[in-house]
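# Chain and residue survey
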Amino acid sequence: ALVVVDCVEGVCVQTETVLRQALTERIRPVVFINKVDRAIMELQLDQEEAYQGFSKTLQNVNVVIATYNDPCMGDLQVSPEKGTVAIGSGLQAWAFSVSRFARMYAAKFGAPEDKMCERLWGDSFFDAKNKKWIKSETNADGDRVKRAFCQFCLDPIYQLFDAVMTEKTEKLDKMLTALKINLTAEEKELTPKKLVKNVMMKFLPAAETLLQMIVMHLPSPKKAQKYRVGTL
């Protein structure tokens, strides 16, 4: 089951009901944290505030999952570093998972993908000055360091939103070239709101991210029916 959670409103009654129904029918959940476009554009949350919001939302989802835990299902807790959580905007049709960014950065840092996934969520910070990963937001010199999730996952997204919405054409062109995103002449003429949707869809297509999460982390019907048949 793909459970959609609003990052602005959090886990509402309807979300909890859907999650409860899925769990009682022994359907494994994966989660999509939705409406991140609103968090950036309307609420203007900074990256750390956005991260804390996602983290709190997932804690609430996992509380519901723990309440309805079924021993025959094994561990159903969801977390970004496991790849069972995607984050994005349904309205703008873009989404990413931590594993998607981990793939992009694994070669750069010379680390395996699963190790990068762990580094891109939770209390993990990259101290660029001393070129090492640390577990607190202050390095040995007492300087504040940005959370790895904010620095490596949210920052490119925030930068793109800023370049499009404030019409920084030169900056946007550089970013699009670096990301190998091509826009047609018609697309370049779109209003900022439509253009940001267009750019984000090309950068992080939701269909690709969600399909990959479902294929990688949800069981096939053949496998699932073995433990579901008892509840039918």
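Here's a quick rundown of the structure. Everything numeric here is computed off the predicted structure, so don't read it as measured data. (Residues numbered from 1 in each chain as written. Predicted model: local features only at pLDDT ≥ 70, side-chain atom pairs only at ≥ 80, totals over all residues. Heavy atoms only, no water.)

## Some details on the packing of helix α6 (residues 148-165) against helix α7 (residues 169-178)
Between α6 and α7, the least distance of the axes is 8 Å, while the angle of their chain directions is 140°. In terms of axis orientation, α6 runs oblique to α7. As α6 runs across α7, the sense of the crossing is left-handed. Contacts between α6 and α7 pair Pro156, Gln159, Leu160, Asp162, Ala163 and Val164 from the former with Lys171, Leu172, Met175 and Leu176 from the latter. Here the contact of α6 with α7 is composed, by residue class, of seven nonpolar, one polar and two charged. (Axes fitted to C-alpha atoms, helices over the stretch in contact; angles between N-to-C directions. Helix = DSSP H or I, 4+ residues; strand = E, 2+ residues; numbered from the N terminus. Parallel < 35°, antiparallel > 145°, perpendicular 65-115°, else oblique. Left-handed = near helix turned anticlockwise from the far one by under 90°. Contact = heavy atoms within 4.5 Å. Nonpolar A, V, L, I, M, F, W, Y, C, P; charged D, E, K, R; others polar.)

## Considerations on the environment of His217
Locating His217 in the fold gives a position in helix α10 (residues 206-217). With 189 residues separating them along the chain, His217 and Arg28 place their C-alpha atoms 8.8 Å apart. For His217, the contacting residues outside a window of four places in its chain are Arg28, Val30, Lys82, Gly83 and Thr84. A polar side-chain atom of His217 sits 3.5 Å from the main-chain carbonyl oxygen of Gly83. (Polar contact = N/O pair within 3.5 Å; in protein donor to acceptor, adjacent residues only side chain to side chain.)

## Focus: the side chain of Ser89
When you line up the elements, Ser89 lands in strand β3 (residues 85-89). A distance of 3.0 Å separates a polar side-chain atom of Ser89 from the backbone nitrogen of Gln92. With near-sequence residues (within four places) excluded, Ser89 lies in contact with Phe32, Asn34, Lys35, Asp37 and Trp94.

## Re the state of the cysteines
Tallying each qualifying case throughout the model produces zero disulfides. Cysteine Cys117 remains unbridged, with the sulfur of Cys153 as its closest cysteine sulfur at 9.2 Å. The exposure class of Cys117 is buried, given its relative accessible area of 6%. Cysteine Cys153 shares no disulfide, and the gap to the nearest cysteine sulfur, in Cys150, comes to 8.8 Å. (Disulfide = S-S within 2.5 Å. Buried < 20%, exposed > 50% of the residue type's maximum accessible area, 1.4 Å probe, protein only.)

## Details of unusual backbone geometry
Unusually for a residue other than glycine, Arg26 sits at a positive phi of about 55°. Its location among the elements puts Arg26 in the loop between α1 (13-24) and β2 (30-34). Unusually for a residue other than glycine, Ala93 sits at a positive phi of about 60°. Here Ala93 lies in the loop between β3 and β4 (94-97).

## Quick look at the side chain of Asn62
By secondary structure assignment, the location of Asn62 is in helix α3 (residues 47-67). Discounting chain neighbours no more than four positions away, the residues touching Asn62 are Gln77 and Val78.

## Quick word on the nonpolar core
Core analysis: the biggest nonpolar cluster contains 60 residues, and Phe54, Phe96, Leu120, Phe149 and Ile157 have the highest contact counts within it. Here this core takes twelve residues from α6, the largest share from any one element. Dropping the residues within four chain positions of it, Phe96 is found in contact with Ala86, Ile87, Phe101, Phe149, Cys153, Leu154, Ile157, Leu204 and Thr209. By size, the runner-up hydrophobic cluster in this structure holds eight residues, among which are Val30, Ala86, Leu210 and Met213. (Core = buried A, V, L, I, M, F, W, Y, C linked by side-chain atoms within 4.5 Å.)

## Observations regarding helix α4 (residues 98-109)
Its twelve residues place the ends of α4 15 Å apart at the C-alpha level, agreeing with the 16 Å of an ideal helix rising 1.5 Å per residue. Those residues of α4 that are buried lie in contact with β4, α5 (113-119), α6, α9 (192-203) and α10. With its phi angle positive at about 60°, Gly110 sits one or two positions after the end of α4. (Expected span 1.5 Å × (residues − 1).)

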